[in-house]
Amino acid sequence: MRTALTIAGSDSGGGAGIQADLKTFSALGVFGMSAITAITAQNTVEVRSVQNIDLDIINDQISAVFEDIGVNAVKIGMLGTSGIIKTVAKSLKKYKPEHIILDPVMVSKGGHHLLERNAVADLNEILLPLSSLVTPNIPEAEILSGMKIHSEPDMYLACREIIDKGPGAVLIKGGHLDGDPNDLFYDGKQFHLIKGERVETKNVHGTGCTLSSAIAANLAKGENMLTAIENAKDYITTAIAESLDIGQGHGPAHHFHQFYGHVH
């Protein structure tokens, strides 16, 4: 059984964060484990409050998993503070997992800041160089690259800026641009535009978490990076198309769509 560890925040609403990651790992046939960095009180409408977890507890969660079970791939989501970033980086340097997928979570769908502004520099300097792949959306890619992204050509420039900071590869998600949500993958040598189809739905809570954890699961199973990304994109596209009309805001993707289809 292949294994994947999510290092991220908990979403009480169940649609994003470690809940989305664990559902994704399970749906894709990988044994999922978690190190919780923060507890968020949130639902489909809002993030009400956030409590960051004690750094020693975060460190212990990660070491407990690595020292007993072993980890084929790591997905990193919400980190919140510089202290958490440094704690996670120290653990990753110690255990050296083969695959590290960094989803640079900065702001929630509702505009709640999930990463302290002063921690962005640490994310750039400490975690990006450790990552096999970083998966920013357009607003996150603008922060990481230091440039505005208004078009697909801008995405190519931003990829080059971000890869210079040391990650193995970059995947900029194009969903915030007009038109089809095409994603751009760059491994430092070649660009691959991964075409997407726009699904008309408001139910997109947790889609970024789900995509990055699907990539981690596919890498854990031995797929190469590009194949892992393409298969993850197919998975999340169907999960959005079959999304669940739960709650009064942005509902979640349907993580188990291949098991029990469309739910009315």
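Keep in mind it's a predicted model, so treat the numbers as computed, not measured. (Residues numbered from 1 in each chain as written. Predicted model: local features only at pLDDT ≥ 70, side-chain atom pairs only at ≥ 80, totals over all residues. Heavy atoms only, no water.)

Section: the overall build of the protein chain
Helix and strand counts for the protein chain stand at nine helices and nine strands. The dimensions of the protein chain, computed from C-alpha atoms along their principal axes, are 45 × 40 × 35 Å. Looking at the protein chain residue by residue over its 264 residues, the buried ones come to 55%. Of the contacts made within the protein chain by residues no fewer than 6 positions apart, 66% connect residues no fewer than 24 positions apart. When the accessible surface of the protein chain is summed, it comes to about 11500 Å², and 50% of that surface belongs to carbon and sulfur atoms. (Helix = DSSP H or I, 4+ residues; strand = E, 2+ residues; numbered from the N terminus. Buried < 20%, exposed > 50% of the residue type's maximum accessible area, 1.4 Å probe, protein only. Contact = heavy atoms within 4.5 Å. Areas by Shrake-Rupley, 256 points an atom, 1.4 Å probe, with all protein chains shown as cover.)

As for the pairing of strand S4 (residues 73–76)
The two faces of S4 match: Ala73 and Lys75 on one face and Val74 and Ile76 on the other face are all buried. Of the strand pairs in this sheet, strand S1 (residues 3–11) and S4 are connected by four bridges, and their pairing is parallel. Residue pairing across strands places Ile7 opposite Ile76, the latter belonging to S4. By the bridge criterion, three bridges tie S4 to strand S5 (residues 100–102) in an arrangement that is parallel. Paired with Val74 across the strands is Ile100, a residue of S5. In terms of handedness, the path from S4 via helix H3 (residues 82–95) over to S5 forms a crossover that is right-handed. (Pairing = 2+ DSSP bridges. Right-handed = clockwise from strand over helix to strand, strands pointing away.)

With respect to the pattern of salt bridges
Following the criterion strictly, the structure yields seven salt bridges and no others. Between Arg48 and Glu46 there is a salt bridge whose closest N-O contact spans 2.6 Å. Note on Arg48: relative accessible area 60%, which makes it exposed. A salt bridge links Lys202 to Asp245; the shortest N-O distance between them is 3.5 Å. Here Asp245 lies in the loop between helix H8 (225–241) and helix H9 (257–260) and Lys202 lies in the loop between strand S9 (191–194) and helix H7 (207–220), a separation of 43 residues in the sequence. When its relative accessible area of 64% is taken as the criterion, Asp245 is described as exposed. (Salt bridge = Lys/Arg side-chain N within 4 Å of Asp/Glu carboxyl O.)

Some words on the side chain of Ser213
If you trace the backbone, Ser213 turns up in helix H7. A polar side-chain atom of Ser213 sits 3.2 Å from the main-chain carbonyl oxygen of Thr210. If near-sequence neighbours (up to four positions away) are discounted, Ser213 is found in contact with Ala20, Asp21, Thr24, Phe25 and Lys75. (Polar contact = N/O pair within 3.5 Å; in protein donor to acceptor, adjacent residues only side chain to side chain.)

Keep in mind that these numbers describe shape and distance, not what the molecule does.
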